[in-house]
Every structure is written in structure tokens, then in C-alpha cells.
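Here is what each chain is made of, one letter per residue.
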Amino acid sequence: MRPWQTGFSLVVLLTLLLAPAGSAAAQIQIAPPEVASYTYGEEIVFRAIANTPTPVEGASLVIQGPGSTEPWTLTATVTPLPNLQSELAAAFNPAGQGLPAFSTLNYHFEITTPSGQLAVGPSGQFQYADNRFEWQTLPGQRAQVHWYRGEDSLAQAVGQAVADDAAQDYAA
């Protein structure tokens, strides 16, 4: 090899080693999140698996509740797994948050790299149902009726009363 070729090869090698291969955040991939477990009124545990070929500085779970202008942001634990993966997990306690039963929560995980880059995972949805009972649901145009004990006919009567009341409000 000629001397200039050796020098050129060394420069190319150093450039390849020192140059970032795209942003670190782009290299991190977060799988769709899921609810691992929950007990109504006590705790909801969210989790996701992430491919993390770059170091992770921190992770968060971001939850958007119905009608809220500001999301809840929780610190997530990052547990390294084999094959350059990590498990992300966070527990949310809905007690005292004003979250009504049967609310829909939208949520996602975020990972921050040591360089400050942010990787945002896909969103998930969770219906915060009261899992202490076997609920039945009667959907309606204006409202849903939920009940866990009693006759279907009573739920239908309540649903009809809501629909009639709404129709009178629109007629006035």
C-alpha cells in the first residue's frame, strides 16, 4: 500500500468511527405500549419494550386524560434486557386525579439519550374501567349506560330517558 493510501484509509476509518450513524433517537425504537396490570382506583402499570442500541439517560411515561390540558408525566424505570433491548415501566396511581370510571387514557413512552435527544414511542389507549365488577354497557347516541347488577330493561329505560332529555334540549 502506498503511503498516501494508508493515510487516506486511516482518515476514512476515523471518519466512520467518529461520525454518528444518524441520530441516537432515530436508532431507538419503542414498541407499542401496553397495560401490564391495573386495579381500579389504585394503580395502573404501563410497560413497553424498546430497542436501545444507544445508552439511555432516562425515560418517561406521558398520559393524557380526558379533558385535561396538561398531561401527567411520570418517570419510567429502564431495565436492560438481552439483545440491546430494554423494558420501560411506570406505575400511575389515579386516586385523587379526578379520573372518572370508563375514561379513555392516551399514553406513550419517551426515552432521552445522554446527548439530550428524545425518542417518542407510539401511543396507546386504555379504558379505565372499574374492574371490580362485571360491567355491562348499553351504547347510545348521546351517552352510554354502564351497570353491573339489575335488569337490561332498566338500563334501556335510563338510556331512553337520556335520549329523550337530549332531544328536548336540542328542540328548545
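**Considering the side chain of serine 103**
Turning to step 1, where the next piece is worked out: Within the secondary structure, serine 103 sits in strand S7 (residues 103-112).
Turning to step 2, where the next piece is worked out: With residues up to four places along the chain from it excluded, the contact list for serine 103 reads Pro66, Phe126, Gln127 and Tyr128.

**Concerning the packing of aromatic side chains**
Turning to step 1, where the next piece is worked out: Per the stated rule, a full pass over the model turns up nine aromatic pairs.
Turning to step 2, where the next piece is worked out: When the centroid spacing of 6.4 Å and the interplanar angle of 85° are considered together, the rings of phenylalanine 46 and phenylalanine 126 count as edge-to-face. With phenylalanine 46 in strand S3 (residues 43-51) and phenylalanine 126 in strand S9 (residues 124-128), the pair connects residues that are 80 residues apart, well separated along the chain. Both residues of the pair, phenylalanine 46 and phenylalanine 126, count as buried.
Turning to step 3, where the next piece is worked out: Taken together, a centroid distance of 5.0 Å and an interplanar angle of 40° make the contact between tryptophan 72 and phenylalanine 92 tilted.

**Describing a nonpolar patch on the surface**
Turning to step 1, where the next piece is worked out: Taken together, Leu154, Val158 and Val162 make up a surface patch of nonpolar side chains, about 240 Å² in accessible area.
Turning to step 2, where the next piece is worked out: Mapped onto the secondary structure, valine 158 falls in helix H3 (residues 152-171).

**Observations regarding the environment of glutamine 27**
Turning to step 1, where the next piece is worked out: Position of glutamine 27 among the secondary structure elements: in helix H2 (residues 24-27).
Turning to step 2, where the next piece is worked out: Through-space distance from the C-alpha of glutamine 27 to that of threonine 54 is 7.4 Å; in sequence the pair is 27 residues apart.

**Focus on the pattern of salt bridges**
Turning to step 1, where the next piece is worked out: Per the stated rule, a full pass over the model turns up three salt bridges.
Turning to step 2, where the next piece is worked out: A salt bridge links arginine 132 to aspartate 130, with the nearest nitrogen and oxygen atoms 2.5 Å apart.
Turning to step 3, where the next piece is worked out: Because the salt bridges share partners, they merge into one network encompassing Glu34, Arg47 and Glu87.

Conventions and cut-offs
Residues numbered from 1 in each chain as written. Predicted model: local features only at pLDDT ≥ 70, side-chain atom pairs only at ≥ 80, totals over all residues. Heavy atoms only, no water. Helix = DSSP H or I, 4+ residues; strand = E, 2+ residues; numbered from the N terminus. Contact = heavy atoms within 4.5 Å. Phe/Tyr/Trp six-rings, centres within 6.5 Å; stacked < 30°, edge-to-face > 60°. Buried < 20%, exposed > 50% of the residue type's maximum accessible area, 1.4 Å probe, protein only. Patch = residues over 30% accessible without salt bridge, like charges linked within 9 Å, V, L, I, M, F, W, Y side chains within 5 Å. Areas by Shrake-Rupley, 256 points an atom, 1.4 Å probe, with all protein chains shown as cover. Salt bridge = Lys/Arg side-chain N within 4 Å of Asp/Glu carboxyl O.

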